[in-house]
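Residues per chain are reported as follows:
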Amino acid sequence: MANQQSTSENPRVDLDYRRKKNAEDMRYQVITFSLMIFLTLIAFAAVGFGDLSNWFVVPFILLLAVVQVIFQLYYFMHMSHKGHEAPQLFLYSGVLVGFITVLAFMTIIWW
Amino acid sequence: MHAEEKMTNETWPASPEKATLEAKNKFLGFWFFLGGETVLFASLFATYLALKDKVPTADHALSKDLFEMPLVFLMTMLLLTSSLTSVYAMHHMKNFEFKKMQLWLGITVLLGLAFLGFEIYEFNHYVHEYHHSFTSSAFGSAFYTLVGFHGGHVAFGLLWIIVLMIRNSKRGLSLYNAPKFYLASLYWHFIDVVWVFIFTVVYLMGMVG
């Protein structure tokens, strides 16, 4: 959803258009929020009520967390908009280093 | 576009958070910082996972004894909702509606304060009811470092937003302060991103065992 609005020389003309575009963008944000609440509820329910095995629940709630964070990054933090190539590079580099760190600590540390 | 220029509805640009060179630089620098924060929190998560439930004697409380779902659920809802209210604030910022932006930022601050209050209650509860403290075990150190660092970020984010609101209360929106508000809201969302992993990895996985 690229919300890169018009940059025409006469902004007076597309003020209405921009307002409408912003309102539309906000509606998507609210939908995103509902989805995030929904994912949170499922994660808590899977642990609280579900009589499920740990082998299923742990990867399942981790997956829900990853999906929710993608929503947060791409919609709330606007990473889906144009001009976010450098932010993506920075963030994914951080995620990569972070992932390797977690992997290392979980496999080579024991006592 | 000049940063201090008095703006109107018509002259307010579509992306005020990136309209000036300074704003563009801030935007880039801030995302670079967030990449670094990702690594910081990942290393704290890694430490926590390595030291989870590592206690010296059997009388120490473990994660499945400590965590209670209702409190974590409430805190999660508070922080998630505060993320949405700051989206509303930035929506009004883009529409050049200063008063409405301030109002939604105020709601965000109140939700954040409530979250912080519950976290302080939680830590206090663990220390006094379970003798689960920073120095009681490796598990305790890792837990309080990770969750406490996040709580520290919440406290700093609140302070940041409050200072911006007060400092600019009589100035109105300009291309000088719009990027400041925008970056503070990005920081606030990032805090929620970290919390999503904390409630999943620390609390929910802790309750599972």
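Residues numbered from 1 in each chain as written. Chains lettered and ligands numbered in written order. Predicted model: local features only at pLDDT ≥ 70, side-chain atom pairs only at ≥ 80, totals over all residues. Heavy atoms only, no water.

With that settled, the discussion passes to the overall build of chain B. On a plain count of helices and strands, chain B comes out with six helices and zero strands. When the helices and strands of chain B are listed from N to C terminus, the series reads α-α-α-α-α-α. Considered along the principal axes of its C-alpha atoms, chain B spans approximately 65 × 30 × 25 Å. Every one of the 209 residues in chain B was classed for burial, and the buried ones make up 58%. Put simply, of all contacts in chain B between residues at least 6 apart along the chain, 78% involve residues at least 24 apart. When the accessible area of chain B is evaluated, it comes to approximately 8,300 Å², of which 69% is carbon and sulfur surface. Averaging the coordinates of the 14 positive side-chain charges in chain B and doing the same for the 15 negative ones gives two points 11 Å apart. (Helix = DSSP H or I, 4+ residues; strand = E, 2+ residues; numbered from the N terminus. Buried < 20%, exposed > 50% of the residue type's maximum accessible area, 1.4 Å probe, protein only. Contact = heavy atoms within 4.5 Å. Areas by Shrake-Rupley, 256 points an atom, 1.4 Å probe, with all protein chains shown as cover. Lys, Arg positive; Asp, Glu negative; His and termini not counted. Charge placed at Lys NZ, Arg CZ, Asp CG, Glu CD.)

A few words now on the interface of chain A and chain B. Counting from both sides, the interface comprises 54 residues of chain A and, opposite them, 52 residues of chain B. Buried area between chain A and chain B, summed over both chains or domains, comes out near 4,800 Å², and the portion from carbon and sulfur atoms is 77%. Along the contact surface separating chain A from chain B lie zero salt bridges. Connecting chain A to chain B are 10 residue pairs in polar contact (both at pLDDT 80 or more). Elements that contribute at least two residues to the side of chain A that touches chain B include exactly helix H1 (15-48), helix H2 (54-76) and helix H3 (85-108) of chain A. (Buried area = accessible area lost by both parts, 1.4 Å probe. Salt bridge = Lys/Arg side-chain N within 4 Å of Asp/Glu carboxyl O. Polar contact = N/O pair within 3.5 Å; in protein donor to acceptor, adjacent residues only side chain to side chain.)

The next subject is the UniProt feature "transmembrane region" (unreviewed entry) in chain A. The UniProt record marks residues 28-49, 55-77 and 89-110 of chain A with the feature "transmembrane region" (unreviewed entry), using the residue numbering of this structure. Helix makes up 91% of residues 89-110 of chain A and strand 0%, with an end-to-end C-alpha separation of 33 Å. (UniProt positions renumbered as here; feature names shortened; annotations may be inferred.)

As a further point, take the environment of A:Thr107. All names here are of chain A. Inspection of the secondary structure puts Thr107 in helix H3. Between the alpha carbons of Thr107 and Lys82 there is a distance of 39 Å; along the sequence they are 25 residues apart. A distance of 2.7 Å separates a polar atom in the side chain of Thr107 from the backbone oxygen of Leu103.

In this structure, A:His78 takes a positive phi of about 60° despite not being glycine. If you trace the backbone, A:His78 turns up in the loop between H2 and H3.

Taken N-terminus to C-terminus, the directions of H1(A) and helix H6 (residues 178-208) of chain B make an angle of 15°; their axes are 10 Å apart at the nearest point. Here H6(B) runs roughly parallel to H1(A), going by the angle between their axes. For the pair H1(A) and H6(B), the crossing hand works out as left-handed. On H6(B), the residues touching A:Met36, A:Thr40, A:Ala43, A:Phe44 and A:Val47 of H1(A) are B:Asp192, B:Phe199, B:Leu204, B:Met207 and B:Val208. Class assignment for the residues of the contact of H1(A) with H6(B) results in eight nonpolar, one polar and one charged. (Axes fitted to C-alpha atoms, helices over the stretch in contact; angles between N-to-C directions. Parallel < 35°, antiparallel > 145°, perpendicular 65-115°, else oblique. Left-handed = near helix turned anticlockwise from the far one by under 90°. Nonpolar A, V, L, I, M, F, W, Y, C, P; charged D, E, K, R; others polar.)

The parts lose accessible area when they come together, and the size of an interface is often stated as this lost area. All names here are of chain A. By domain assignment, chain A separates into domain 1 (1-80) and domain 2 (83-111). In this assembly, five residues from domain 1 lie in contact with four residues from domain 2. Where domain 1 abuts domain 2, roughly 420 Å² becomes buried across the two surfaces, and 60% of that area is made up of carbon and sulfur atoms. When the buried surface of domain 1 facing domain 2 is broken down by residue, Leu73, Tyr74 and Met79 rank first, second and third, together holding 82% of it. Across the domain 1-domain 2 interface, the total number found is zero salt bridges. Grouping the constituent residues of the side of domain 1 that touches domain 2 by class yields four nonpolar, one polar and no charged. (Domains from an automatic or database assignment.)

A low pLDDT score tells you not to read the predicted coordinates there in detail. Residue and element names in this part refer to chain A. Per-residue confidence for chain A averages 87 on the pLDDT scale, and 87% of its residues sit at or above 70. The least confident element of chain A, judged by mean pLDDT, is H1 at 93; the most confident is H3 at 95. The model gives residues 1-6 a pLDDT under 50, and that stretch makes 19 contacts with residues more than four places away or in other chains. (pLDDT = per-residue confidence, 0-100.)

Bringing the pattern of salt bridges into the picture now. Residue and element names in this part refer to chain B. Applying the stated criterion across every chain, the model contains three salt bridges over all chains. Between Glu17 and Lys94 there is a salt bridge, with its nearest N and O atoms 3.6 Å apart. Taken as a pair, Glu17 in the segment before helix H1 (21-51) and Lys94 in helix H3 (residues 69-94) lie far apart in primary sequence, 77 residues in all. Taken individually, Glu17 and Lys94 each receive the classification buried, so the pair is uniform in this respect. Residue Glu22 is joined to Lys26 by a salt bridge in which the shortest nitrogen-to-oxygen separation is 3.4 Å. One end of the pair is Glu22 and the other is Lys26, both in helix H1 and four residues apart, which spans about a single turn. Judged by its relative accessible area of 43%, Glu22 is partly exposed.

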